[in-house]
Structure formats: C-alpha cells, structure tokens
Amino acid sequence: MDTTHYQNIATFLHLSTFSKYFIPLGNFIVPIVIWIMNRDKSNFIDKNGKAVINFQLSILIYTIVLGMISIPFFVFNLFDHSEALFDFDNWNHFNIHIPDFVGFQTLIGFSIIGLVAAAGFFIEIILILTASIKANKGEAYEYPFTIRFFK
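What you see is a predicted model; the values in this text were computed from it and never measured.

Enquirer: Quick question: what am I supposed to make of the nonpolar core here?
Expert: A general feature of soluble globular proteins is that nonpolar side chains tend to end up buried together. Counting residues in hydrophobic clusters, the biggest one holds 17 residues, and the most contacted among them are Leu13, Ile45, Phe55, Leu127, Ile128, Tyr141 and Tyr143. The set of elements that each furnish at least two residues to this core consists of helix H1 (3–15), helix H2 (26–38), helix H3 (43–80) and helix H4 (104–136). It is H3 that provides the largest number of residues to this core, a total of 6 residues. Not counting residues within four places of it along the chain, the set of residues in contact with Phe55 comprises Glu124, Leu127, Ile128, Tyr143, Pro144 and Thr146.

Structure representation (structure tokens):
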C-alpha cells in the first residue's frame, strides 16, 4: 500500500485525540481502535499509535497528580472556616453562615494550579498538532514528558 496512506492514518491517529471534546474518553478509545485496526499494516502506524497512547496516558497521570495537589488548598481552607459554618444558639436559632472561603493563600494556590493547568492544556494542543504535521510528512515524533507504557 502507498506510504501516503500510512502517513494519513498516522496523522489521523494523532488528531483523533481531540475526540475527547465530543466523546467521553474519546482521546483513549478512538486512537486505540484506529491503532489496533492498523498496527499490523505498517511499523510507522504502530510507532505513532504507541506514541499517542503513551502521551494520553501520561497526560492523564499528570492531570490526576495536579488534581491531588489542588485538593489540600480547598480542604484546609474549608476546615479553617468550618467553625463559622453553623451557629447554634441554644437550639432557639439555627443559622448557617457562608464565610468568604477565598483567603490570600488559597487564591495564590488556586491561581498557580490554574495557570499550570491552562499552560498544560495549550501545550498538549500544540504537541498534538506538531505530531500530526510530522506524521503527515512521514517523520517520527516523540512527545516530550511522556512515560513509555508501550514500547
């Protein structure tokens, strides 16, 4: 078969990760299906398919870690203000107060984590588009910061 056909499949493999915006877990399901259906046809497709899956799994792990880092900012701030949430006045009056949860430290913490997440989002898009262009030209592309699950 023509190598241009393989290059097009490899390009579509990279671009198929954008299906996550339309299909839940589409960034895993669609590339895996395309890769499994075509990996025996060409070493180039097999290599690109592994790169795509490795990159998406790495992004998932980095996102989970970033989320786990952000949880303490919310939880500690919540418990810091928890005594002001409920006010019992000898059971005659019961008031629920909603305090200002956004302290300066929390604002800084969420801002930094939000900036890292936004930067990661744009870097992911740029890397996927770069890999797609390289695959269309028939060149191999190694995603940076990728954990190699499939070799």
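The discussion continues.
Enquirer: Quick question: what am I supposed to make of the layout of surface pockets here?
Expert: If you roll a probe as big as a water molecule over the atoms, it shows you where there is empty space left. Empty space within the largest pocket amounts to approximately 370 Å³. Lining the largest pocket are 14 residues, and of these Ile59, Tyr62, Val116, Gly120 and Phe121 sit closest to its centre. Among the elements that make up the lining of the largest pocket, the one with the highest residue count is H4 (7 residues). A per-class count over the lining of the largest pocket returns 11 nonpolar, 2 polar and 1 charged.

Enquirer: Please clarify how the packing of aromatic side chains should be interpreted in this entry.
Expert: The description of two aromatic rings rests on the distance between their centres and on the angle between their planes. Following the criterion strictly, the structure yields 6 aromatic pairs and no others. With a centroid separation of 6.4 Å and 20° between ring planes, the pair formed by Phe18 and Tyr21 is classed as stacked. Judged by relative accessible area, Phe18 falls into the buried class, the value being 18%. A relative accessible area of 42% means that Tyr21 is categorised as partly exposed.

Enquirer: How do you make sense of the side chain of Ser16 when you look at a structure like this?
Expert: Considering the arrangement of structural elements, one finds Ser16 in the loop between H1 and H2. Its relative accessible area of 4% is what places Ser16 among the buried residues. Contact partners of Ser16, with chain neighbours within four places excluded, come to Gly26, Val30, Pro31 and Ile34.

Enquirer: How should I be thinking about H2 in this particular structure?
Expert: Each α-helix winds once per 3.6 residues, and so residues spaced three or four apart point in a common direction. Here H2 contains 13 residues, and its C-alpha end-to-end distance of 18 Å stays within 8% of the 18 Å for a straight helix at 1.5 Å per residue. Regarding H2, the residues found buried are Gly26, Asn27, Phe28, Pro31, Ile34, Trp35 and Asn38.

Enquirer: Just to check I follow, could you spell out a nonpolar patch on the surface for this structure?
Expert: Nonpolar side chains collect at one region of the surface, where Ile61, Tyr62, Val65, Ile69, Phe145, Ile147, Phe149 and Phe150 lie side by side and expose about 730 Å² of accessible area between them. Mapped onto the elements, Phe150 comes out in the segment after H4. You can call Phe150 partly exposed: its relative accessible area is 35%.

Enquirer: In this structure, what is going on with the environment of Gly120? I would like to understand it.
Expert: Looking at where Gly120 falls in the secondary structure, it is placed in helix H4. Under the relative-accessibility criterion, Gly120 is labelled partly exposed at 35%. For Gly120 and Tyr62, which are 58 residues apart along the polypeptide, the C-alpha to C-alpha distance reads 9.3 Å.

Enquirer: Before we go on, may I ask you to explain unusual backbone geometry in this structure?
Expert: The phi torsion of most residues other than glycine is negative, and most of the peptide bonds are trans. A positive phi angle, near 60°, is found at Leu25, a position not held by glycine. Secondary-structure assignment places Leu25 in the loop between H1 and H2. What makes Leu25 exposed here is its relative accessible area of 57%. The backbone phi angle of Phe145 is positive, close to 60°, even though this residue is not glycine. Here Phe145 shows up in the segment after H4.

What counts as what
Residues numbered from 1 in each chain as written. Predicted model: local features only at pLDDT ≥ 70, side-chain atom pairs only at ≥ 80, totals over all residues. Heavy atoms only, no water. Core = buried A, V, L, I, M, F, W, Y, C linked by side-chain atoms within 4.5 Å. Buried < 20%, exposed > 50% of the residue type's maximum accessible area, 1.4 Å probe, protein only. Helix = DSSP H or I, 4+ residues; strand = E, 2+ residues; numbered from the N terminus. Contact = heavy atoms within 4.5 Å. 1 Å grid on protein atoms, 1.4 Å probe; cavity = no way out; pocket = protein on both sides within 12 Å on 5 of 7 lines; lining within 4 Å. Points joined across faces, edges and corners; volume = space filled by probe spheres on them. Nonpolar A, V, L, I, M, F, W, Y, C, P; charged D, E, K, R; others polar. Phe/Tyr/Trp six-rings, centres within 6.5 Å; stacked < 30°, edge-to-face > 60°. Expected span 1.5 Å × (residues − 1). Patch = residues over 30% accessible without salt bridge, like charges linked within 9 Å, V, L, I, M, F, W, Y side chains within 5 Å. Areas by Shrake-Rupley, 256 points an atom, 1.4 Å probe, with all protein chains shown as cover. Salt bridge = Lys/Arg side-chain N within 4 Å of Asp/Glu carboxyl O.

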